[in-house]
Amino acid sequence: MSRATRKLDHIQHALSTGQDLTHGFEDIMFVHNSLPEVNLEHINLSSQIGELTLSSPIFINAMTGGGGEKTRLINEQLAEVAAQTGIGMAVGSQMAALREEKQCQSFQVVRKTNPKGVIFANLGSEATVEQAKQAVDMLEANALQIHVNVIQELVMPEGDRDFTHMVSRIEKIVDRIEVPVIVKEVGFGMSKETVETLASVGVFAVDVGGFGGTNFSKVENERRQRRLDFFDNWGITTTSSLLEALYANANIHVFASGGLQNALDLAKSIALGASAGGFAGNFLRILIDKGQEALIDEVLQLEEDFRYILTALQALNLQDLRQKPLVICGDTYHWATQRGFDVSSISRRESKR
């Protein structure tokens, strides 16, 4: 099966399998403030992440590309949404374009459509330094996402089976390209140890890609004759992954993704230490089912709702939000306890009245 055909299969199966929504956000609660002395008009949503400046912490996460005209059209529409709303955007894996030149246009359309936007290039951890440079140049990208997807590859009928030297390849790319490198999981979450390892080789940011959103084990199992169902419930939830990153001994930026649906999920992610939140499956479904204008409306509504939440919490900006107390319960609390994270300190944060 060609890569282009596989990309189209992924879109179809991602939409049909949906999102698990077992991300853990129901376990996270803000401590209510009855006296928030703040004006909604003074809320600042901008996020400064190293050299990257985002107008809001919402970004369109990696979805597709390399599947011919259909994926070119999806990326063009997503880029138009990003341009009109001012949010960042990541493309799907560009390996297909590096191996088949005619697929380049399904990615290049993003920069053509959004010439001034913040755009992330994307390759897998098998990429070489030269391929990383080509992917960045193809989009004049502001950063490079390197996705790690071991479980997806194992379930994928034609997937990779050799994962040796992943860290050393990532380190070489970090050392030799001129834009920040973000390492992204694709839906199975990240552990504290993974975050620490990536930080040790100079990775700029991790995107935790937690369990609970689009399930790429289920997607790939739809393409198998003999299913590997035991991987369908494999992974670390989004909220637990954010705690893993928060308690890592690492100086590294964190992006949240994995089933984010609304502004409250985003606010909880930021309060758990994230700098931004990536939306993928939910945005793709809105685009396919309702169209581009509906997705623009959704982004603008997310930003408005996010301002309401910050106002209720007396948080003028994202830095304020990260200081707000949270109570953690349920499976996320049990995970944190078993992993030795003292989350009581999060619930006892000193919040301004």
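Before any of the text, the structure's been laid out above.
Residues numbered from 1 in each chain as written. Predicted model: local features only at pLDDT ≥ 70, side-chain atom pairs only at ≥ 80, totals over all residues. Heavy atoms only, no water.

K.L.:
Looking at this structure, how should I read the overall build of the protein?
P.N.:
The helix and strand tally for the protein stands at 16 helices and twelve strands. Computed over C-alpha atoms, the radius of gyration of the protein comes to 19 Å, within 12% of the 20 Å expected from 2.2 N^0.38 for 353 residues, which places it in the range of a compact globule. Expressed as lengths along the three principal axes of its C-alpha atoms, the size of the protein is roughly 60 × 45 × 40 Å. In the protein, once contacts between residues fewer than 6 apart in sequence are set aside, the share between residues at least 24 apart is 75%. (Helix = DSSP H or I, 4+ residues; strand = E, 2+ residues; numbered from the N terminus. Rg over C-alpha atoms; globule rule 2.2 N^0.38 Å. Contact = heavy atoms within 4.5 Å.)

K.L.:
Can you walk me through the sheet that holds strand 7 (residues 143-148) in this structure?
P.N.:
Two pairing modes exist for strands in a sheet, parallel and antiparallel, and in both the strands are linked by backbone hydrogen bonds. Read around the closed barrel, eight strands run 4-5-6-7-8-9-10-11, paired in parallel fashion. Averaged over neighbouring strand pairs, the angle between their axes works out to 30 degrees when direction is ignored. Sheet topology places strand 5 (residues 88-90) next to strand 6 (residues 119-124); two bridges connect them, and they run parallel. Looking across to strand 6, one finds that M89 is bridged to I119. (Pairing = 2+ DSSP bridges. Axes fitted to C-alpha atoms, helices over the stretch in contact; angles between N-to-C directions.)

K.L.:
Teacher, can you tell me more about the packing of aromatic side chains here?
P.N.:
For any pair of aromatic rings, the description consists of the separation of the ring centres together with the inter-plane angle of the planes. Overall, the coordinates contain seven aromatic pairs when judged by the stated rule. Measuring from centroid to centroid gives 6.3 Å for F120 and F255, while their planes differ by 5 degrees, and the two rings are stacked. Pair noted here: F120 is in strand 6 and F255 is in strand 10 (residues 253-256), with a separation of 135 residues, a long-range link. Both residues of the pair, F120 and F255, count as buried. (Phe/Tyr/Trp six-rings, centres within 6.5 Å; stacked < 30°, edge-to-face > 60°. Buried < 20%, exposed > 50% of the residue type's maximum accessible area, 1.4 Å probe, protein only.)

K.L.:
What should I look at first to understand the packing of helix 12 (residues 281-290) against helix 13 (residues 292-312) in this one?
P.N.:
The relative placement of two packed helices comes down to the angle between their axes together with the axis-to-axis distance. Running from N to C, helix 12 and helix 13 point in directions that differ by 140 degrees, and their axes come no closer than 7 Å. Considering the angle they form, helix 12 stands oblique to helix 13. Along the contact surface, helix 12 presents N282, F283, I286, L287 and K290, while helix 13 presents Q292, A294, L295, E298, V299 and L302. For the contact of helix 12 with helix 13, a count of residues per class yields seven nonpolar, two polar and two charged. (Parallel < 35°, antiparallel > 145°, perpendicular 65-115°, else oblique. Nonpolar A, V, L, I, M, F, W, Y, C, P; charged D, E, K, R; others polar.)

K.L.:
Quick question: what am I supposed to make of a negative patch on the surface here?
P.N.:
Together, E130, D137, E140 and E178 make up a negatively charged patch on the protein surface. In this structure, D137 sits in helix 5 (residues 129-139). Its relative accessible area of 60% is what places D137 among the exposed residues. (Patch = residues over 30% accessible without salt bridge, like charges linked within 9 Å, V, L, I, M, F, W, Y side chains within 5 Å. Areas by Shrake-Rupley, 256 points an atom, 1.4 Å probe, with all protein chains shown as cover. Salt bridge = Lys/Arg side-chain N within 4 Å of Asp/Glu carboxyl O. Lys, Arg positive; Asp, Glu negative; His and termini not counted. Charge placed at Lys NZ, Arg CZ, Asp CG, Glu CD.)

K.L.:
What is the right way to read the layout of surface pockets from this model?
P.N.:
Unfilled space is identified by rolling a water-sized probe across the atoms. Each pocket or cavity is described by its volume, and for the second largest pocket that value is around 180 Å³. What lines the second largest pocket is simply V148, V150, M166, V167, I170, V183, E185, T194, T197 and L198. Contributions of two or more residues to the lining of the second largest pocket are made by helix 7 (166-176), strand 8 (181-185) and helix 8 (192-200). Across the lining of the second largest pocket, the residue classes break down as seven nonpolar, two polar and one charged. (1 Å grid on protein atoms, 1.4 Å probe; cavity = no way out; pocket = protein on both sides within 12 Å on 5 of 7 lines; lining within 4 Å. Points joined across faces, edges and corners; volume = space filled by probe spheres on them.)

K.L.:
Explain the nonpolar core here, please?
P.N.:
In globular proteins that are soluble, nonpolar side chains generally tend to be buried together. Among the nonpolar cores identified, the biggest contains 88 residues, and L144, I173, V183, F306 and L321 are the most heavily contacted of them. Setting aside residues no more than four positions away along its own chain, L144 makes contact with A121, N122, L123, A132, V136, I173, I177, V179, P180, V181 and I182. One finds F59, A143, I182 and F255 within the second-largest nonpolar core, a separate group that totals 14 residues. (Core = buried A, V, L, I, M, F, W, Y, C linked by side-chain atoms within 4.5 Å.)

K.L.:
Would you mind going over the environment of V91 with me for this structure?
P.N.:
Considering the arrangement of structural elements, one finds V91 in the loop between strand 5 and helix 3 (95-99). Given the relative accessible area of 0%, V91 is considered buried. A C-alpha to C-alpha distance of 9.3 Å links V91 and L123, two positions 32 residues apart in sequence. In this structure, V91 is in contact with A62, M63, T64, F107, V110, F120, A121, N122, L139 and Q145, ignoring residues within four places of it in sequence.

K.L.:
I'm lost on the environment of E185 in this one. Help?
P.N.:
Summarising the element assignment, E185 is placed in strand 8. Between the alpha carbons of E185 and G86 there is a distance of 25 Å; along the sequence they are 99 residues apart. Within the structure, the side chain of E185 is placed 3.5 Å from the backbone nitrogen of F188, a separation counted as a polar contact. (Polar contact = N/O pair within 3.5 Å; in protein donor to acceptor, adjacent residues only side chain to side chain.)

K.L.:
Where do I start with unusual backbone geometry in this structure?
P.N.:
Where the residue is not glycine, phi is negative for most of them; where a peptide bond is considered, it is trans in most cases. You will see that E140, though not glycine, has its phi angle at about 45 degrees, which is positive. Not every positive phi belongs to a glycine, and Q314 is a case in point at roughly 55 degrees. Mapping Q314 onto the fold places it in the loop between helix 13 and helix 14 (318-321). In this structure Q314 comes out as buried when scored by relative accessible area, which is 13%.

K.L.:
What should I look at first to understand the pairing of strand 6 in this one?
P.N.:
Consecutive side chains along a regular strand alternate between the two faces of the sheet. Of all six residues in strand 6, six are buried; the element is thus mostly enclosed. Side-chain alternation along strand 6 places I119, A121 and L123 on one buried face and F120, N122 and G124 on a second face that is also buried. As defined by bridge partners, strand 6 adjoins strand 7 across five bridges and the pair is classed as parallel. By the bridge assignment for strand 7, N122 is matched with Q145. Following the backbone out of strand 6, through helix 5 and into the adjacent parallel strand 7, one traces a crossover that is right-handed. (Right-handed = clockwise from strand over helix to strand, strands pointing away.)

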